[in-house]
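Tertiary structure, described
So the chains spell out like this:
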Amino acid sequence: MKTTELKIAFGGGCHWCTEAVFLSLKGISEVAQGFVASENEASAFSEAVVITYNPKVIPLEVLITIHLNTHKSTSNHSMRNKYRSAVYIFSEEDRKLVNTILQKLQSQFFEQLITKVYSFKAFKPSDEMFQNYYFNNPKKPFCETYIKPKLSLLLKEYGNYVSNTGLED
């Protein structure tokens, strides 16, 4: 990790979807897809990605905005244990910043955000066959149905942050 880079982790929907979204952005040097655990009610592993990013290229607020808009961040559905809506922080200094950003972004949503801030405690990577899933399998039905619409939204709403020109296909 370069000295100008920071880490943040996001959990929301399927980590294949989340991985594809963040792999498509400028300023992201690494996206590790897998399962993240925190503590207390979030101690069980849940699907997530760990992102290494350059805040001078893509600010944390933009990353969080994209995350909230590319998964069901206001829906407390029955699969929330597997798909926890979360921002995992790597330092306590980030807790206040992330909470402030979430409070600010709440005004952009009609319903209450359920996304929580947790301390990052552990990570287990996905099997290698699932890494970079979308870009290795863009025509599979799951990718066409669930991931491609998120990437279309990304291009439309956040195009100036998109680095992967293959999204236009």
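Residues numbered from 1 in each chain as written. Predicted model: local features only at pLDDT ≥ 70, side-chain atom pairs only at ≥ 80, totals over all residues. Heavy atoms only, no water.

A word on the confidence of the model for the protein chain. Overall, the predicted model of the protein chain reaches an average pLDDT of 92, with 95% of residues at or above 70. For the protein chain, per-element mean pLDDT is lowest for helix α4 (residues 133–136), which scores 92, and highest for strand β4 (residues 86–89), which scores 98. (pLDDT = per-residue confidence, 0-100. Helix = DSSP H or I, 4+ residues; strand = E, 2+ residues; numbered from the N terminus.)

As a further point, take helix α3 (residues 92–105). Look at α3: 20 Å from first C-alpha to last across 14 residues, which is about the 20 Å you get at 1.5 Å a residue. Among all positions in α3, only Val98, Ile101, Leu102 and Leu105 are buried. One side of α3 carries all its buried residues, which in axial view fall inside an arc of 100°. For α3, exposure combined with an orientation more than 90 degrees from the buried face picks out Glu93, Lys96, Gln103 and Lys104. Those residues of α3 that are buried are in contact with β1 (6–11), α2 (60–69), β4 and β5 (116–119). (Expected span 1.5 Å × (residues − 1). Buried < 20%, exposed > 50% of the residue type's maximum accessible area, 1.4 Å probe, protein only. Arc of directions from axis to C-beta. Contact = heavy atoms within 4.5 Å.)

The 6 strands lie next to each other as β5-β4-β1-β3-β2-β6, forming an open sheet whose pairing is mixed. Of all strands in the sheet, those with a lone pairing partner are β5 and β6 (122–125), marking the two edges. Taking each pair of neighbouring strands and ignoring which way they run, the sheet shows an average axis angle of 35°. Along the sheet face, α3 touches β1, β4 and β5 and points at about 170° away from the line of β5. (Pairing = 2+ DSSP bridges. Axes fitted to C-alpha atoms, helices over the stretch in contact; angles between N-to-C directions.)

What follows concerns helix α5 (residues 141–158). Note: α-helices contain 3.6 residues per turn, so residues at a spacing of three or four share the same orientation. Compared with an ideal rise of 1.5 Å per residue, which puts 18 residues at 26 Å, α5 spans 25 Å between its outermost C-alpha atoms and is within 8% of the ideal. Maximal helix bending in α5 amounts to about 40°, located at Ile147; proline Pro149 follows within four positions. Every buried residue belonging to α5 is among Cys143, Ile147, Lys150, Leu151, Leu154 and Tyr158, and all of these are buried. Contact partners of the buried residues in α5: α1 (15–23), α2 and α4. (Bend = angle between axes of the 7 residues up to and from the residue.)

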